[in-house]
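Read off the chains here:
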Amino acid sequence: MRGDFSYRRTQLTAVCTLLFLSPALRLVPGRSAELAGRGAWLSVLWALPLLLLYALFLRRLGEGRQDGEGLGELILRCLGRRAGTFLLTVLALWFLIYGGFMLRAGAERMISTVYPDASPPVFIVVMAALGLIAALGSERSILRCAKLMAPVVLAVVLPVLIFSSADAESGNLLPLTAYEVLFSMRAAPVTLDVAVLPMVLSLFLGGGRAQAEDSGFLRTALWLLEMLLLLAWIELCILGTFGAELTARLSHPFFTLVRNLVLFESIERPEALVVSLWVFSDFILISVCLSVSQRLLRCCMGKRCGYAGEKPSDLNNGRWIIYLCALFAALVALICAPDQLTLRFWSEKLIPTANLLVAFVLLPLIFIVGKTENAV
Amino acid sequence: MDLPVYIVREGEAAALMKESGGEDRGISEILRGIGDYLHGRGDGHGFTVREVESSLLKRDSALVCALKLSPSSEEDGEEAKTAEIDGYAVLKGGKLLTYLDREQAIGVGFLTGNTGVCSVTVRDPRGGSAEVRISSGSCQILPVWAEDGNLTGLQIRAQVLADVTELHGGGSMSSSVYVRQLTGLLEETVAEKINAVLRLSAELRADFAGLSEAVERATPEKYAKLTAPLEEILPTLETQVSVSAVLSHGNDLKGGTA
């Protein structure tokens, strides 16, 4: 029988899909075009082998968890109380900063596409409050929500891509010289960043060994392949419509693409609907970030990490930290990027670099230490 | 981004918007009408914001459809005015360089692949003339490379399908000699229009017609090795324009014998 801590594979896939889509549409089309020109869509080919290897590594790392454990508990066992607590605190803070940044980026998207006269705090506070409500409950509720929301978001993305494909001009995508194909490698880290994060975050949820066994490598590989194909399609549509130079200059190329869409020569400007749907993706991302962070911090405090049916107002067992986490994320969102230039720096430099460091340096180091301690 | 962008020639946009149209037909309807009219035309194209912005980013120059205020031919009253298409404005580095008139715009149509319906007047050496309607066309831009990898020239091969709508001065479409002569003159006329655009492009050092993309599409590997942007070497390029026309006559032929 399935325990309260274990998740269904489809739920995990759905949550990973939504965690993938939000940063993918924020970062990939513009940044990839800036780095690799019209061959940017080929970057997924360069990223794929590395991502598959990384998925294999994460599976191996995740196998060290006990039933119901997240990666936090494993790290504590591998590194010991002192170093483990320090590292988990750093990771929790990082996930909160990341969540805060995503709150700010989500607010910016709403402002620049639908509500030009609004100010970010309104969106930040509302989304942080929603994330807090989700984090106060069970992780499984977040995953169930994701399972409901992912098909809705995909059901909107796919028609957008189908209709936009007709507007894409081959002159914006071709010809590609051998050098340009090689040059597209420059955008691979961007793809790596957006694809690695969902896999890492999902490992910190309390799925434990059951999760690792249920979401076998082949299933992860299939999910990766689907997401990268989707990403390549998105990039092909955007680059084909705007060209690499213009794509690199646009703040939200995907939503500009949606704004230009005319369906059946009668329906125009559907961007408000599409942008609003992205709230689902942001909601799942902030909820997962808060949930994972509070879990890590409660691990550090030696409290029970999982949810045991507590009421939202119950502050026992270190649950007060959940409120603090939401407050911290909201504060980060409010102060992190006072202007567009800073937001761009966070979006294109700081966040991807830190994500890649966590994924490709920190976690492998933990694995190595765990191996030497025979904990993994 | 997909809205057409216009520039007002010899005047201000505010004046054009205020003065054109009448009680039944405002500037919005006129602009919509212009947009519909330009669809499939060879002597004008309503470049969109996206196309203009993209062109400026790619090659630092772009074309924008130009409009002017002119007396309305409709029965809106003697003082009624309307917006009329008046060639293109050439932009470079975000600045307006010059204008191309509607006759030159036909050459732009061939070079940019926007060949469509347009009319040209062909004058024969005997003093007569013929109104020819170009119904379709195509253009191939082929780069000529030296052995050392330098671009030395451009070969432009255009094809035109046209029909005669009016004849003045005694020519007859039943005479095969006259038809051959008129076809040759049409080829010369179109070649001259293309050459005029190429000359202006070289003179302004502005690749507003997208020649660089055509060269890149034809020979991507060699283009990638070019040391200078195409607009910089345009004045040094030898251009050779050849036009092949097929002429027929329309059923609504006026002023001559069919």
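Quick caveat: nothing in here was measured; it's all calculated off a predicted structure.

1. Side note on the overall build of chain B
Counting its regular elements, chain B contains 8 helices and 8 strands. For 258 residues, the compact-globule estimate of 2.2 N^0.38 gives 18 Å, and the C-alpha radius of gyration of chain B, at 20 Å, lies within 12% of that figure. By its C-alpha atoms, chain B is 65 × 50 × 25 Å across when sized along the principal axes. Counting over 258 residues, chain B shows a buried share of 45%. Counted over contacts in chain B with a minimum sequence separation of 6, partners at least 24 positions apart contribute 67%. Within the structure as shown, chain B displays about 13000 Å² of accessible surface, and the carbon and sulfur contribution to it stands at 47%. Side-chain charges of chain B comprise 25 positive and 39 negative groups, with the mean position of each set lying 4 Å from the other.

2. Quick look at empty space enclosed by the protein
All names here are of chain A. Inspection of the entire model under this criterion finds 1 cavity of 30 Å³ or more. Space inside the largest cavity adds up to approximately 40 Å³. Looking at the largest cavity, the residues that line it are Trp 94, Phe 95, Asp 193, Val 196, Leu 197, Val 200, Asn 355, Val 358 and Ala 359. Of all the secondary structure elements, the ones that give two or more residues to the lining of the largest cavity are helix H3 (71–113), helix H8 (188–204) and helix H14 (340–372). Here the lining of the largest cavity takes 4 residues from H8, the largest share from any one element. Residue composition of the lining of the largest cavity, grouped by class: 7 nonpolar, 1 polar and 1 charged.

3. Focus on helix H4 (residues 102–112) of chain B
Residues and elements named next belong to chain B. By the burial criterion, the buried members of H4 are Ala 105, Ile 106, Gly 107, Val 108, Gly 109, Phe 110 and Leu 111. In this structure Asp 101 caps H4, since a side-chain oxygen of it lies 3.1 Å from the backbone nitrogen of Glu 103. Looking at the residues trailing H4, positive phi occurs at Gly 113, about 80 degrees.

4. Some points on the packing of aromatic side chains
Residues and elements named next belong to chain A. Going through the model one piece at a time under the given rule, you end up with 13 aromatic pairs over all chains. With centroids separated by 6.2 Å and ring planes inclined at 20 degrees, the aromatic side chains of Phe 101 and Trp 346 adopt a geometry described as stacked. Highlighted residues: Phe 101 in helix H3 and Trp 346 in helix H14, separated in sequence by 245 residues. Each member of the pair Phe 101 and Trp 346 is classed as buried. Counting every residue linked through ring pairs, the aromatic cluster contains Tyr 54, Phe 57, Phe 360 and Phe 367.

5. Comments concerning the confidence of the model for chain B
Predicted coordinates in areas of low pLDDT are best not read in detail. All names here are of chain B. In this model, chain B carries a mean pLDDT of 85, and residues with pLDDT of at least 70 account for 93%. At the low end of the mean pLDDT range in chain B sits strand E8 (residues 238–254), at 79; at the high end sits helix H6 (residues 211–218), at 92. Here the predicted complex carries an ipTM of 0.72, next to a pTM of 0.83.

6. Let's talk about the interface of chain A and chain B
Tallying the contact residues gives 15 residues for chain A and 12 residues for chain B. Together, the buried faces of chain A and chain B total about 1300 Å²; carbon and sulfur atoms form 58% of this surface. At the surface where chain A touches chain B, the tally comes to 5 residue pairs in polar contact (both at pLDDT 80 or more). Of the residues forming the side of chain A that touches chain B, the biggest block, 5 residues, is contributed by helix H10 (residues 217–249) of chain A.

7. Brief notes about the packing of helix H5 (residues 139–165) of chain A against helix H12 (residues 271–300) of chain A
Packed helices, taken two at a time, are described by the angle between their axes plus the distance between the axes. Residues and elements named next belong to chain A. In the contact formed by H5 and H12, the axes pass within 10 Å of each other and the chain directions differ by 155 degrees. Classified by the angle their axes make, H5 and H12 are roughly antiparallel. As H5 packs across H12, the resulting crossing turns out to be left-handed. Here Glu 139, Ile 142, Cys 145, Ala 146, Met 149, Val 152, Val 153, Val 156 and Val 157 of H5 come into contact with H12, specifically with Val 274, Leu 277, Trp 278, Phe 280, Phe 283, Ile 284, Ser 287, Val 288, Ser 291 and Arg 295. Across the contact of H5 with H12, the residue classes tally to 15 nonpolar, 2 polar and 2 charged.

8. So, the side chain of A:Ser293
All names here are of chain A. In this structure, Ser 293 sits in helix H12. The class of Ser 293 is buried, set by a relative accessible area of 0%. Excluding anything up to four places from it in sequence, Ser 293 contacts Ala 92, Phe 95, Leu 96 and Cys 325.

9. Here we look at the pattern of salt bridges
Residues and elements named next belong to chain A. Inspection of every chain in the model, using the stated rule, returns 24 salt bridges over all chains. Glu 348 is the partner of Arg 31 in a salt bridge, and the nearest nitrogen-oxygen pair spans 3.8 Å. Of this pair, Arg 31 sits in helix H1 (residues 9–36) while Glu 348 sits in helix H14, and the two are 317 residues apart along the sequence. Judged by relative accessible area, Arg 31 falls into the buried class, the value being 13%. Residue Glu 348 is classed as buried on the basis of its relative accessible area, which comes to 16%. Between Arg 344 and Glu 348 there is a salt bridge, with its nearest N and O atoms 3.4 Å apart. With Arg 344 and Glu 348 both in helix H14, this residue pair falls 4 residues apart, about one helical turn. Bridged by salt links that share partners, the residues Arg 31, Glu 34, Arg 344 and Glu 348 form one connected network.

10. Thoughts on the confidence of the model for chain A
Taken over all residues, the pLDDT of chain A has a mean of 89, while the share at 70 or more is 95%. Counting interchain partners and residues more than four positions distant, the pLDDT-below-50 stretch residues 1–5 of chain A has 10 contacts.

11. A closer look at helix H5 (residues 176–204) of chain B
Look at H5(B): 42 Å from first C-alpha to last across 29 residues, which is about the 42 Å you get at 1.5 Å a residue. Trailing H5(B) by a residue or two, B:Arg205 shows a phi angle of about 50 degrees, which is positive.

12. Some words on the pairing of strand E4 (residues 95–100) of chain B
All names here are of chain B. Bridging between strand E3 (residues 81–92) and E4 involves 5 bridges; their strand directions are antiparallel. Within the sheet, the bridge partner assigned to Lys 92 lies in E4 and is Lys 95. Two successive antiparallel strands, E3 and E4, enclose a turn made up of 2 residues, where Gly 93 displays a positive phi of approximately 60 degrees.

Thresholds applied
What you see as residue numbers is a count from 1 along each chain, following the sequence as written. Key to labels: chains lettered from A, ligands numbered from 1, both in the order written. Since the coordinates come from a predicted model, pLDDT governs what is reported: local features require at least 70, and pairs of side-chain atoms require 80 or more to be given and counted, while whole-chain, interface and lining totals use all residues. Side-chain descriptors were evaluated using all non-hydrogen atoms of the structure, hydrogens and water having been removed beforehand. Secondary structure elements are taken from DSSP: a helix is a run of H or I of four residues or more, a strand is a run of E of two residues or more, and numbering for both begins at the N terminus. For the radius of gyration, the atoms used are the C-alpha atoms, and the globule rule reads 2.2 Å times the number of residues raised to 0.38. The buried label goes to any residue with under 20% of its type's maximum accessible area, the exposed label to any with over 50%, and the partly exposed label to all in between, with areas taken from a 1.4 Å probe on protein chains only. Note on contacts: a residue pair qualifies if any of its non-hydrogen atoms lie within 4.5 Å across the two residues. Values of accessible area rely on a 1.4 Å probe in the Shrake-Rupley scheme; residue burial ignores everything except the protein chains shown. We count Lys and Arg on the positive side and Asp and Glu on the negative side, and we leave His and both chain ends out. Where a charge lies is defined by one atom per residue type, namely NZ (Lys), CZ (Arg), CG (Asp) and CD (Glu). With a 1 Å grid spanning the protein atoms alone, the term cavity applies to any set of points in which a 1.4 Å probe fits but cannot get out, the term pocket to an open set with protein on both sides within 12 Å along at least five of seven lines, and the term lining residue to any residue with an atom within 4 Å of a point. Grid points are joined across faces, edges and corners, and a volume is the space filled by probe spheres set on the points. Charged residues are taken to be Asp, Glu, Lys and Arg, nonpolar residues to be Ala, Val, Leu, Ile, Met, Phe, Trp, Tyr, Cys and Pro, and polar residues to be all remaining types, Gly included. Pairs of N or O atoms are called polar contacts if they sit within 3.5 Å, as long as, within protein, a hydrogen donor faces a hydrogen acceptor (for residues adjacent in sequence, only side-chain-to-side-chain pairs). Any two rings among Phe, Tyr and Trp, with Trp reduced to its six-membered ring, count as a pair given centres within 6.5 Å; such a pair is stacked if its planes are under 30 degrees apart, edge-to-face if over 60, and tilted if neither. How sure the predictor is of each residue is captured by pLDDT, a score from 0 to 100. Here the quantity called buried area is the total loss of accessible area, with a 1.4 Å probe, experienced by two parts when brought into contact, counted for both. Only the stretch in contact is used when fitting a helix axis, every axis being a line fitted to C-alpha atoms; angles between N-to-C directions are given from 0 to 180 degrees. Working definition: roughly parallel below 35 degrees, roughly antiparallel above 145 degrees, roughly perpendicular at 65 to 115 degrees, and oblique for all remaining angles. Should the near helix be turned counterclockwise from the far one by less than a right angle, the crossing is left-handed, whereas a clockwise turn marks it as right-handed. Here a salt bridge means any side-chain nitrogen of Lys or Arg lying within 4 Å of a carboxyl oxygen belonging to Asp or Glu. One fewer than the residue count of a helix, multiplied by 1.5 Å, yields its expected span. Two strands qualify as a pair provided that DSSP identifies no fewer than 2 bridges between them.

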